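Each chain, written out:
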Amino acid sequence: MAAALAQTPAVTGGSNASWRPLADRLATAVADDNAEMVGKLAPLVEVLVSKGPAPSEDDEDFGLATLDSAYLFLQDNAGRRRVLERKRAVLTARQGPDSYSARMMAGEEADLLRAEGKPAEGEALLRRAVAAAPTGDPAIRIALQSALAEYLGNAQHLSEQADAQRDLLDMQVAAHGADSNDAFTATYELCWTLGQLGRSEEAIALAAGAAPRAEAVWRATGADENNNGSFQSMAAAIRLSNLMECQADQLGAIGKVEESDYYFDEVNKIRTRYFSRPIHIVARTYNNMAFRQNFQGRYALAEQNARYALEIYEGMLPDGPTDDDITYAKYRYNLASALLGQGKAEEAVPLLRYGVPIQRKLDPDHPDLVILLTTLSRALVAAGGHTDEALELAREAATIARKHRDARLAGGYANSAPDPASAALTRAVAGDSKTHDPLSMAYGALIEATRGKIEGSDEAGAQATLRNELFIAAQDLEQSSAGQAMAEAAARSVAGDGPLGELVTRKQQLVARARALSNALSKALAEGKSPGIVEQRKALDAAAAELATVDAQLKQRFPAFEELVSPAPLSIAEVQARLAPDEALVLMVPNAKDYYALVISPDQSLLRVSMGATEPVADLVRRLRCRVDEASCTRAEDMDQTASGDEELKGIDAFFPRFDRAAAFTLYRNLFAPLEPGLGKAKRVFVTIAGPLGGVPLPLLVTDFDPDKDKAEAGDVNTLEQTKWLGDKYAFITLPAVSALRLAKVAASTGGAARPFVGYGAPSLLGPEGGSRSVESGGRRRLRSGIQGITVASPDALRKLSPLPGTEIELKRMAEALKTPPGALRLGQAATEGALKHDPRLAQAGIVAFATHGLLPQEVGRAAEPGLVFTPPAVASPDDDGLLTASEASKLKLNADWVILSACNTAASDGTPGSQSLSGLGRAFLHAGARALLASHWRVSDEVTAVLTVETMRLSRQGMTKAEALRTAMAEVRTGKRPDGTPLPAWQEFWAHPAAWSPFVLVAAEGR
């Protein structure tokens, strides 16, 4: 080094300017990517900056910054460390250790620690820096918090980033006001992160709360619909459009297409009015529109918007894009995805190949890489001839997706250092049923690529291995919060009723509270309600801290808890080990346009793929639902010929629409019949069904139908009695998730035959008698329904619902059949929500039944929860407002072998886009401790329900398995005869219709 310096006269003269030209040359070499020159000059400049003549502060700052860039370019972390220490010493000497500049060194050191392979240390350093920041100087605290959020984002620790961004928003509001530019920017950034995490509803609420205030700020600058205002107005308009863009994107993510389109259009109107020609921010809008439209299947429109975004972006690059332009890669991705959706895979492949290496080099764990890999894999499968490459790309995508998912569920990444309270809150929010996995498309791509490899293989062993890989990916694609609820209930059961059980219960209560408080805090921040922010922050911090304490205690006292509640998929071998000789499992999931079905019996497994079946299945399900539940009809062509006439209806027509046997047979023939060779000797079949097919119970499918001879539409008892039903061949058990099978032994009965029965129903209501669900009292259009003008679930509104006298008969018959004294029932004025919540019998009851109205969210407002109606109080209280919501039901302490939900739609989805096949109410009772759930798919008749449920309980008490008891009871109701040939009392012909006998499904984790 000394010799080198001696050979450089320009650097030995002693003047301050003597080495500045050398530093300039180093900066130029870095800019030119001249590694050889950078390697030669950097050591020289470092010696001169640190030991040479005292330069000016500007020269010293320039020299240190140039050196940092040079060593970063060379990936020389030791050099960067020396420069960082020199910079720290300089800033401390100049401004003191507590100055803004000196404290902000924490961000640079954290970045260096991550580069050195110590990301957790970097995160911990920044968290300590934030905690140590002086409270009297919000600028330092805000800057450090911003650095922490950016650091977590760069590490792809998105859950932790969202928490950090929300803390940053809290600080910005406190320091600058809710309507400040900084607060709006923080809101926008948090909104996008929440969207990446799949927390769409939270993101929408955040943006929707802030946008009106951002608009008011824009108008306050003098701008309006006819006047652009000033430069200040333009800046305010961009802030407003940013918030609306995030809102539009996340509305599209949850299926609200019209609202999403509206806000995207508004964003474009705002952005285009301020610029004489399109610029990058306008291109971004069209690109984001294309991205969301691709996910919605509107590929032609997505292609149009993607091409326009590319046209704008390319017009801003006179020299063309560079080889590592990730923005250009993302624009090309959206065009490729639109082309792929229209069957133009060959055109899509080169567009996608451009982006994958760029994103992989930037960050091999980035969620955007999952999207690129997934789409390229699917394009290669569609193009054909690239099976091996497609499978490897899909496996890479799935590995990254699982890493992010597992980190969310675990409360942090292996290389992160969140505090215990933050980790506990992350776990709580990740398990919310409203949170979808935004990277789940990776599992769909893996399913497709694995199928392609199976089809190209002739070796049985290789096929079996690939089939198992596909089976696990299918479970990842359809992870169920209902399965999670059942697992948590099983964990409480294992923990028992003592202190450990109370600890598990407390954890689950705190999880629910933390989720609610997290949403409330985001809402308060969005609305700029300062007092609310402070209160919600304190409450959330307290809940998270207590949750962390409980987690630590559980880890010490119940180490098996996390494994027990794990939603991890089961392998085919693990499923087979859990099946009895006469049991089998069927998993059916839609993936893109196809339906995938896997059948597993104790000694074999079978894969069947129904290509292009998703839409035809949805159409058939919609038609069949219309023929058993007219309230669900959405298309005139699905209704039967008696629906529109004014003539008096007779026979079964007076009660139900004519059943479409041809549609029921088509579903059976196309989807279920191909699976039967794999069922072996099965009598009981576990079914986990995702997508539209989950909307109809399998027993009503028709197994034998000749279109040339048989009547397609059945409305008479003879035709219905002669029909061959799938329910005659198998007893079905709805499994919320395949992983729930691991709970079979845990969830085994605790001796329900000797334990009491508890029933609630027939609430005291004042609505018109004609609204009864009883088909006898009012005909087929007067089945039990919650949709009776209720717009908000207040006691006064609930009181206007129609009374249900038949539910009293139903519960009394059930109590009589179970040899239970009348005191077991709470009816009429005694059937209150408060009485249920404080009923000491619930924890000991073997059977708990509810017979009442069930309300879904769309029946009481979009923001509402599903719930069961009880006798409304005179005045609502937190303990009793007349509606037991799903979240309240989940807090009940049950240990029941049976919970019967004899209310409309307790098995169907909540009716929201993307909702799972089991309703929120169903999930809630599983969480509360129900081992088996009897729930209905549609509005039910009192009289039939009374017989069906009573017979199911009676047969179960006689020793039949739950599934066989329900199957036999359905056959009794359908035929009017018991297994011994004796007539079923009070049987009527219209009971032969599947609308009467098939609405109930059994939800359980075991078949015995």
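A brief structural summary. What you are looking at is a predicted structure, and each value in this text was computed from that prediction instead of being measured.

**A short note on the environment of glutamate 478**
- Relative to the helices and strands, glutamate 478 is located in the loop between helix H23 (460-477) and helix H24 (481-495).
- Given a relative accessible area of 29%, glutamate 478 falls into the partly exposed group.
- Along the sequence, glutamate 478 and serine 440 sit 38 residues apart, while their C-alpha atoms lie 8.7 Å from each other.
- Once you skip the residues sitting within four places of it in the chain, glutamate 478 turns out to touch Val589 and Ala690.

**What to know about the state of the cysteines**
- Across all of its chains, the model carries two disulfides by this definition.
- Cysteine 626 shares a disulfide with cysteine 633; S-S distance 1.9 Å. Residues cysteine 626 and cysteine 633 are joined by a disulfide whose S-S torsion is about 95°; by sign, that bridge is right-handed. A single burial state applies to cysteine 626 and to cysteine 633, both of which are buried.
- Cysteines bonded in the protein chain are numbered consecutively along the chain; their disulfide partners then correspond to 1-2, 3-4.

**Focus: the pattern of salt bridges**
- This structure, assessed with the given rule, holds 67 salt bridges.
- Between glutamate 60 and arginine 86 there is a salt bridge whose closest N-O contact spans 3.2 Å. Placement of glutamate 60 in helix H4 (residues 57-74) and of arginine 86 in helix H5 (residues 77-95) is noted, with a sequence separation of 26 residues between them.
- Assessed through its relative accessible area of 11%, glutamate 60 is described here as buried.
- A salt bridge links glutamate 123 to arginine 127; its shortest N-O distance comes to 3.0 Å. You can see glutamate 123 and its partner arginine 127 sitting in helix H8 (residues 119-132), four residues apart, about one turn around the helix.
- The exposure class assigned to glutamate 123 is buried, which follows from its relative accessible area of 1%.
- Through salt bridges that share partners, Asp619, Arg622, Arg623, Arg627, Arg635, Glu637, Asp638, Asp660 and Glu713 make up one connected network.

**What to know about the packing of H4 against H5**
- H5 packs onto H4 with a crossing angle of 160° between their chain directions and a minimal axis gap of 9 Å. Put simply, H4 runs roughly antiparallel to H5. For the crossing formed where H4 meets H5, the hand is left-handed. Mapping the contact onto sequence places Glu57, Glu60, Asp61, Leu64, Leu67, Asp68, Tyr71 and Leu72 in H4 and Gly79, Arg80, Arg82, Val83, Arg86, Lys87, Val90 and Arg94 in H5.
- Among the residues forming the contact of H4 with H5, the class breakdown is six nonpolar, one polar and nine charged.

**Some remarks on the side chain of serine 377**
- Relative to the helices and strands, serine 377 resides in helix H19 (residues 367-383).
- The contact partners of serine 377, leaving out residues within four places of it in the chain, are Ala390, Leu393, Ala394, Ala445 and Ala449.

**Description of the environment of arginine 219**
- Mapped onto the elements, arginine 219 comes out in helix H12 (residues 200-220).
- Setting aside chain neighbours within four positions, we find arginine 219 in contact with Asp224 and Glu225.

**Examining the nonpolar core**
- Core analysis: the biggest nonpolar cluster contains 166 residues, and Leu693 and Phe757 have the highest contact counts within it.
- Residues within four places of leucine 693 in sequence aside, it is in contact with Met588, Tyr595, Val617, Val621, Leu667 and Leu671.
- Counting residues in each nonpolar core, the second largest holds 28 residues, with Leu884, Ala886, Leu921 and Leu933 among its members.

**Some details on the packing of aromatic side chains**
- Summed over all chains, the structure comprises 23 aromatic pairs.
- Pairing phenylalanine 655 with phenylalanine 990 gives two aromatic rings, centres 4.2 Å apart and planes at 20°, and the pair type is stacked. Taken as a pair, phenylalanine 655 in the loop between helix H29 (614-628) and strand S4 (659-660) and phenylalanine 990 in the loop between helix H39 (962-975) and helix H40 (994-997) lie far apart in primary sequence, 335 residues in all.
- Taking the relative accessible area as the measure of exposure, phenylalanine 990 reaches 3% and is therefore buried.
- Ring geometry for phenylalanine 672 and tyrosine 730: centres 6.0 Å apart, planes at 55°, overall tilted. Of this pair, phenylalanine 672 sits in helix H30 (residues 661-672) while tyrosine 730 sits in the loop between helix H31 (717-722) and strand S7 (731-734), and the two are 58 residues apart along the sequence. Here phenylalanine 672 and tyrosine 730 have matching classes, each one buried.

About the cut-offs
- Residues numbered from 1 in each chain as written.
- Predicted model: local features only at pLDDT ≥ 70, side-chain atom pairs only at ≥ 80, totals over all residues.
- Heavy atoms only, no water.
- Helix = DSSP H or I, 4+ residues; strand = E, 2+ residues; numbered from the N terminus.
- Buried < 20%, exposed > 50% of the residue type's maximum accessible area, 1.4 Å probe, protein only.
- Contact = heavy atoms within 4.5 Å.
- Disulfide = S-S within 2.5 Å.
- Salt bridge = Lys/Arg side-chain N within 4 Å of Asp/Glu carboxyl O.
- Axes fitted to C-alpha atoms, helices over the stretch in contact; angles between N-to-C directions.
- Parallel < 35°, antiparallel > 145°, perpendicular 65-115°, else oblique.
- Left-handed = near helix turned anticlockwise from the far one by under 90°.
- Nonpolar A, V, L, I, M, F, W, Y, C, P; charged D, E, K, R; others polar.
- Core = buried A, V, L, I, M, F, W, Y, C linked by side-chain atoms within 4.5 Å.
- Phe/Tyr/Trp six-rings, centres within 6.5 Å; stacked < 30°, edge-to-face > 60°.

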